[in-house]
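Listed below are the residues making up each chain.
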Number of protein chains: 2
Amino acid sequence: MKEPVKTIRDTDEDARRLARKLIRGARFGAISVIEPGTGFPFASRVLTGTDVDGAPIILVSGLSVHTDALLADQRASLLFGEPGKGDPLAHPRITVRTRAERIARDDPAHDRLRARFIARHPKATLYADFPDFAFFRMTPQSASLNGGFGKAYVLEAADLLIASPAMADVAGLEPGAIAHMNADHADAVDLYAGAYGRSRKTGWRICGIDCAGLDLCNGDELLRIEFAVPLGQASELRSKLADLSRSAREK
Amino acid sequence: MKEPVKTIRDTDEDARRLARKLIRGARFGAISVIEPGTGFPFASRVLTGTDVDGAPIILVSGLSVHTDALLADQRASLLFGEPGKGDPLAHPRITVRTRAERIARDDPAHDRLRARFIARHPKATLYADFPDFAFFRMTPQSASLNGGFGKAYVLEAADLLIASPAMADVAGLEPGAIAHMNADHADAVDLYAGAYGRSRKTGWRICGIDCAGLDLCNGDELLRIEFAVPLGQASELRSKLADLSRSAREK
């Protein structure tokens, strides 16, 4: 039996898009850290969200092995991509090498990260403010994407992070825009989920908006919708959302 | 807000049983290794099976990061336990610290491991014999079990491994016993899946037998049935299987 030649493919826009959807559309991932004391690589499960620039965010207990580990050694990787039914190796997944940074409660970014994380994981309100829980920002360094058998790609940090001049402005608009869309345009949100996420359900809500797309949630389900072109200015958000509705109706 | 006290619970038989079912009933897991060169802890997805003593077995490509890593440093951990629907942190999972050992093709254990792995993952026949693929035995050193919020346990290797004097004899009987059960007692296998695995499907087949239990598969589904008491002698296997049928009918 001869083995097929397997090489790393050239990273194209499809690979970048798949990578971003895997990271930004994840509810959880497997984190790999170096365990203090033993030096063993240690894998465990964490809930995940994202910062407005697409960097993964985790909320972890100070009693866990991974928190101790991240405080001793910033290096960690996160595996994203749920296997679902069928062959587990046929489903795409990505390993992101990251550097972990604990976000103190008085950090200027803390409240924004907390609000975005809670919007994605409402049950985390129960423990997010416990004194020994903390958010960590996991800044991507590089990644290995496996899109299925023989579809391996190497990605750089720039492939994964959002770099728009409108980032801070959009972050400022985010809470109001989410509240407005969910209250007054719930029909449009369901339309997005149907057209861009192939969902047949109703009851979707927006739980995150950034320059590169929308996060939609419905109970324990999460959908990431990536814009074709990221926002260059915060003022484009309104027309972008209207365009998405128009295109969805035409689908 | 006050945090509830969370401690490591005393390991009892329920915890050991849950740990074994998570490991032995897994089709895949997240492996954590130390990446050569960068020193980064690296998480990726692997298909898993077990040896007759319950040690996890993986089949990996020589082109993967994890294979390079395991050849450079034996230390690895495996995260088992699929999240399924609902809160990902409410589902039980276990991290097993292991030492990885490559099983050469001329190793006396190779053919047995290959047969057991292929029975569990029939599609792996397509690549199991490629020259750069190899089986690794992942011998458990210890484990951290998380049975859901606040249910943390520490387990030792002896909690996870099967230690029966009948191990070699049962391994010798395994291929014939599987073929006989699947050919002549398919109704009993479906009965096991219904009574002990709460399955309503038919078409289950036995894909593994060891001193501590049975592995049942049906398409891409896998069920682990643990015996209440492990076999002490290979001659007990026949009556054990008959007892399981009788108890299942009475359920």
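Report follows, based on the coordinates. This one's a predicted model, so the numbers in the text were calculated from it and none came from an experiment.

So, the overall build of chain A
Secondary structure summary: chain A contains seven helices and eleven strands in total. Against the globule reference of 18 Å for 251 residues, chain A gives a C-alpha radius of gyration of 18 Å, in line with a compact fold. Expressed along its principal axes, the backbone C-alpha trace of chain A runs to roughly 55 × 55 × 35 Å. Looking at chain A alone, contacts between residues at least 24 apart form 63% of all its contacts between residues at least 6 apart. Approximately 11100 Å² of chain A is accessible, and the part contributed by carbon and sulfur atoms is 53%.

Structural notes on unusual backbone geometry
If you check the backbone angles, arginine 198 of chain A has positive phi at about 55° while not being a glycine. With respect to the secondary-structure elements, arginine 198 of chain A resides in the loop between helix H6 (186-197) and strand S9 (205-210).

So, the sheet that holds strand S10 (residues 213-218) of chain A
All names here are of chain A. Here we have three strands laid out as an open sheet, ordered S9-S10-S11, and antiparallel in their pairing. The sheet terminates laterally at S9 and strand S11 (221-226), the two strands that pair on one side only. Going from strand to strand, the sheet's axes swing by 20° on average, the running direction of each strand aside. As paired elements, S9 and S10 share five bridges and run antiparallel to each other. Of the residues in S10, the one forming a bridge with aspartate 210 is glycine 213. Here helix H3 (residues 110-120) sits on the sheet in contact with S9, S10 and S11, set at roughly 145° to S9.

Brief notes about the environment of histidine 180 of chain A
Following the sequence through the fold, histidine 180 of chain A ends up in helix H5 (residues 167-184). Of the residues examined, histidine 180 of chain A reaches a relative accessible area of 34% and is grouped as partly exposed.

Concerning the packing of aromatic side chains
Residues and elements named next belong to chain A. One pass over the structure, following the stated rule, counts eight aromatic pairs over all chains. The interplanar angle of 70° and the centroid separation of 5.4 Å between the aromatic rings of phenylalanine 117 and phenylalanine 135 together place this pair among those described as edge-to-face. Residue phenylalanine 117 is found in helix H3, and its partner phenylalanine 135 is found in strand S7 (residues 133-146); the two are separated by 18 residues along the sequence. Per residue, the accessibility class of phenylalanine 117 equals that of phenylalanine 135, and both read buried.

Notes on the sheet that holds strand S10 (residues 213-218) of chain B
Residues and elements named next belong to chain B. The antiparallel open sheet is built from three strands, whose spatial order is S9-S10-S11. Each having just a single partner strand, strand S9 (205-210) and strand S11 (221-226) make up the two edges of the open sheet. Averaged over all adjacent pairs, the angle separating strand axes in this sheet is 20°, with direction ignored. Sheet analysis places S10 next to S11, joined by six bridges and oriented antiparallel. In the strand pairing of S11, glycine 213 is matched with glutamate 226.

Side note on the pairing of strand S6 (residues 93-103) of chain B
Residues and elements named next belong to chain B. Buried residues dominate S6, accounting for eight of its eleven residues. Where strand S5 (residues 75-80) lies against S6, six bridges are found, and the strand directions are antiparallel. Each residue of the ladder has a partner; that of serine 77, found in S6, is arginine 97.

Some remarks on the interface of chain B and chain A
With 53 residues of chain B at the interface, the matching set in chain A holds 53 residues. Buried area between chain B and chain A, summed over both chains or domains, comes out near 4400 Å², and the portion from carbon and sulfur atoms is 63%. Between chain B and chain A we count two salt bridges in total. With a closest N to O distance of 2.8 Å, arginine 97 of chain B and glutamate 35 of chain A form a salt bridge. The tally of links between chain B and chain A comes to 17 residue pairs in polar contact (both at pLDDT 80 or more). Looking at the side of chain B that touches chain A, the elements that each hand over two or more residues are strand S2 (28-34), strand S3 (41-50), S5, S6 and strand S7 (133-146) of chain B. In terms of residue count, S3 of chain B provides more of the side of chain B that touches chain A than any other element does, six residues in total.

Let's talk about the pattern of salt bridges
Side chains that differ in sign of charge can pair as their charged atoms come close. Residues and elements named next belong to chain A. This model, assessed by the stated rule, comprises 41 salt bridges over all chains. The salt bridge involving aspartate 210 is made with arginine 116; its shortest N-O contact spans 3.8 Å. One end of the pair, aspartate 210, is in strand S9; the other, arginine 116, is in helix H3, and 94 residues separate them in sequence. Linked by salt bridges that have partners in common, Arg24, Arg116, Arg120, Glu174, Asp210, Asp215, Arg224 and Glu226 make up one network.

Topic: the relation of the copies chain B and chain A
Aligned on chain A, chain B shows an RMSD of 0.0 Å; the corresponding rotation is 180° and the shift along the axis is 0.0 Å. These values place the two chain copies in the arrangement generated by a two-fold rotation axis. The fraction of interface residues of chain B whose copies in chain A are also interface residues reaches 100%, indicating that both copies meet through the same surface.

Things to note about the side chain of arginine 24 of chain B
Residues and elements named next belong to chain B. Turning to its location among the elements, arginine 24 is positioned in helix H1 (residues 13-24). Engagement of the side chain of arginine 24 in a polar contact is seen with the backbone oxygen of leucine 160, the distance being 2.6 Å. Filtering out sequence-adjacent residues up to four positions away, arginine 24 remains in contact with Thr50, Gly54, Arg120, Leu160, Leu161, Ile162, Ala212, Asp215, Leu222, Arg224 and Glu226.

Conventions we followed
Residues numbered from 1 in each chain as written. Chains lettered and ligands numbered in written order. Predicted model: local features only at pLDDT ≥ 70, side-chain atom pairs only at ≥ 80, totals over all residues. Heavy atoms only, no water. Helix = DSSP H or I, 4+ residues; strand = E, 2+ residues; numbered from the N terminus. Rg over C-alpha atoms; globule rule 2.2 N^0.38 Å. Contact = heavy atoms within 4.5 Å. Areas by Shrake-Rupley, 256 points an atom, 1.4 Å probe, with all protein chains shown as cover. Pairing = 2+ DSSP bridges. Axes fitted to C-alpha atoms, helices over the stretch in contact; angles between N-to-C directions. Buried < 20%, exposed > 50% of the residue type's maximum accessible area, 1.4 Å probe, protein only. Phe/Tyr/Trp six-rings, centres within 6.5 Å; stacked < 30°, edge-to-face > 60°. Buried area = accessible area lost by both parts, 1.4 Å probe. Salt bridge = Lys/Arg side-chain N within 4 Å of Asp/Glu carboxyl O. Polar contact = N/O pair within 3.5 Å; in protein donor to acceptor, adjacent residues only side chain to side chain. Least-squares fit on C-alpha atoms with pLDDT ≥ 70 in both.

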